Amino acid sequence: MTFQDDALSDAIGRTRDKWGWFVALGVLLLIFGGIAFGNLFIATVASVYVVGWLMLMAGAIEIVHAFGVKTWGRFFYWLLSGLLYAVAGFFAFDNPLLASAVLTLLLAIALVASGLLRAWVAYNHRPEQGWGWLLVAAIITILLGLTIAMGWPVNSLWVLGMFLAIDLIFQGWSFIAVGLALKR
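From a predicted model like this one, the values you see are computed outputs, not experimental measurements.

K.L.:
I tried to follow the overall build of the protein on my own but got confused; where do I start?
P.N.:
On a plain count of helices and strands, the protein comes out with seven helices and zero strands. The N-to-C order of helical and strand elements in the protein reads α-α-α-α-α-α-α. Over its C-alpha trace the protein gives a radius of gyration of 22 Å, far above what one expects of a compact globule, namely 16 Å for 184 residues. Along the three orthogonal principal directions, the C-alpha set of the protein runs to about 55 × 45 × 45 Å. By residue count, 27% of the 184 residues in the protein fall in the buried class. In the protein, the share of contacts with a sequence separation of at least 24, taken over all contacts with a separation of at least 6, comes to 75%. Of the roughly 12300 Å² of accessible surface on the protein, a fraction of 75% belongs to carbon and sulfur atoms. Separation of charge centres in the protein, based on 9 positive and 8 negative side chains, amounts to 1 Å.

Here it is in structure tokens:
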């Protein structure tokens, strides 16, 4: 047995005693996911607020960082970048509905772009086994992005909330599964 195996076994052993916390967190995440599904509009606004806070924090960090760089060019780059992040963060709080529309459109664009990239990768890996699954995933991703884009801006009121709810539910089940596996 190697040092890494011993370290892994030790970490699992120490974590095994905490299996109940994993299950409890999983149940809590499932409850939050159910609440989010119950009101997708509120979940959408909450996700916009989270993005807004992250942008405000990133902006503040970049502005502070600007004062630590050595050249004027970099100073103005970091300062402008930080100010843009901060303005976008304030914008998310000032008008969360418009921000959700912008974020939903960006999500649709990102899904289509990601699907196209996956399709290109699948096409380039045609001789290899399993390339078809990658192509299927690419097509599903493209269709999801196009579906969101075709319903935009009306679906901006619920799409982000639905993604949040689905993520919370999957995370909840994952934590429950890990906790029960640790118990065994």
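Following the structure, the description resumes.
K.L.:
What exactly am I supposed to notice about unusual backbone geometry here?
P.N.:
Most peptide bonds are trans, and most residues other than glycine sit at a negative phi. Of the consecutive residues Trp152 and Pro153, the connecting peptide bond is found in the cis state with omega at 5°. Within the fold, Pro153 resides in the loop between α6 (131-150) and α7 (159-183).

K.L.:
Explanation requested: the nonpolar core in the structure shown.
P.N.:
Across soluble globular proteins, nonpolar side chains show a tendency to be buried alongside one another. Of all hydrophobic cores here, the largest spans six residues; its members are Leu29, Ala36, Leu40, Ala43, Ala165 and Leu168. Those elements that place two or more of their residues in this core are α2 (19-38), α3 (40-66) and α7. Setting aside anything within four residues of it in sequence, one finds Leu29 in contact with Leu168, Gln171, Gly172 and Phe175.

K.L.:
So what exactly am I meant to see when it comes to a nonpolar patch on the surface here?
P.N.:
On the surface, Phe91, Leu98, Val102, Leu105, Leu106, Ile109 and Trp152 cluster together into a nonpolar patch covering about 580 Å² of accessible area. It is helix α5 (residues 96-124) that provides the largest number of residues to the nonpolar patch, a total of five residues. Within the secondary structure, Leu106 sits in helix α5. On the accessibility criterion, Leu106 (48% relative accessible area) is partly exposed.

K.L.:
Explain α3 here, please?
P.N.:
Since there are 3.6 residues in each turn of an α-helix, residues three or four apart along the chain are aligned in direction. For α3, spanning 27 residues, the distance from its first C-alpha to its last is 39 Å, which sits close to the expected 39 Å at 1.5 Å a residue. Turning to α3, the residues buried within the fold contact α2, α4 (72-94), α5 and α7.

K.L.:
Any chance you could explain the side chain of Thr141 here in plain terms?
P.N.:
Relative to the assigned elements, Thr141 resides in helix α6. For Thr141, a relative accessible area of 10% gives the class buried.

K.L.:
Looking at this structure, how should I read the environment of Val64?
P.N.:
When you line up the elements, Val64 lands in helix α3. Under the relative-accessibility criterion, Val64 is labelled exposed at 60%. Considered as a pair, Val64 and Leu80 are 16 residues apart in the sequence and their alpha carbons are 12 Å apart.

K.L.:
Sorry if this is basic, but what is going on with the packing of aromatic side chains here?
P.N.:
Here a ring pair, both rings aromatic, is described through the centre-centre distance and the interplanar angle of the planes. Across all of its chains, the model carries eight aromatic pairs by this definition. Between Trp72 and Phe75 the ring centres are 5.7 Å apart and the planes differ by 85°, which places this aromatic pair in the edge-to-face class. Residue Trp72 and its partner Phe75 are located together in helix α4, separated by three residues, close to a single helical turn. Residue classification places Trp72 among the exposed positions, given a relative accessible area of 64%. Summarising the aromatic geometry, the rings of Trp72 and Phe76 are spaced 5.8 Å apart at their centres and angled 25° between planes, so their arrangement reads as stacked.

Calculation notes
- Residue positions are given per chain, counted from 1 along the sequence in the order it is written.
- Totals for whole chains, interfaces and linings use every residue, but because this is a predicted model, local features are given only for residues with pLDDT of at least 70 and side-chain atom pairs only at 80 or more, for both listing and counting.
- Only heavy atoms go into the side-chain values, all of them from the structure, while hydrogens and water stay out.
- Here a strand is any run of E in DSSP of at least two residues, a helix any run of H or I of at least four, and the numbering for each starts at the N terminus.
- When we talk radius of gyration, it's over C-alpha atoms, and the globule rule is simply 2.2 Å times the number of residues to the 0.38.
- Buried means the residue's accessible area, taken with a 1.4 Å probe over protein chains only, is under 20% of the maximum for its type, while exposed means over 50%, and partly exposed covers the values in between.
- We call two residues in contact when some of their heavy atoms are within 4.5 Å.
- Each accessible area is a Shrake-Rupley estimate made with a 1.4 Å probe; only the visible protein chains count as cover when residues are assessed.
- Neither His nor the chain termini are counted; the positive set is Lys and Arg, and the negative set is Asp and Glu.
- Lysine's charge is taken at NZ, arginine's at CZ, aspartate's at CG and glutamate's at CD.
- Remark: nonpolar core denotes a set of buried residues (Ala, Val, Leu, Ile, Met, Phe, Trp, Tyr, Cys) joined through side-chain atoms within 4.5 Å.
- Patch members must show over 30% relative accessible area and no salt bridge, and they are joined within 9 Å when carrying like charges or within 5 Å when they are nonpolar side chains of Val, Leu, Ile, Met, Phe, Trp or Tyr.
- A pair is scored as a salt bridge if a Lys or Arg side-chain nitrogen falls within 4 Å of a carboxyl oxygen belonging to Asp or Glu.
- Multiplying 1.5 Å by the residue count of a helix minus one yields the expected span of that helix.
- Stacked, tilted and edge-to-face are the three classes applied to pairs of Phe, Tyr and Trp rings, where Trp contributes its six-membered ring and a pair requires centres within 6.5 Å; stacked means planes under 30 degrees apart, edge-to-face means over 60, and tilted covers the rest.

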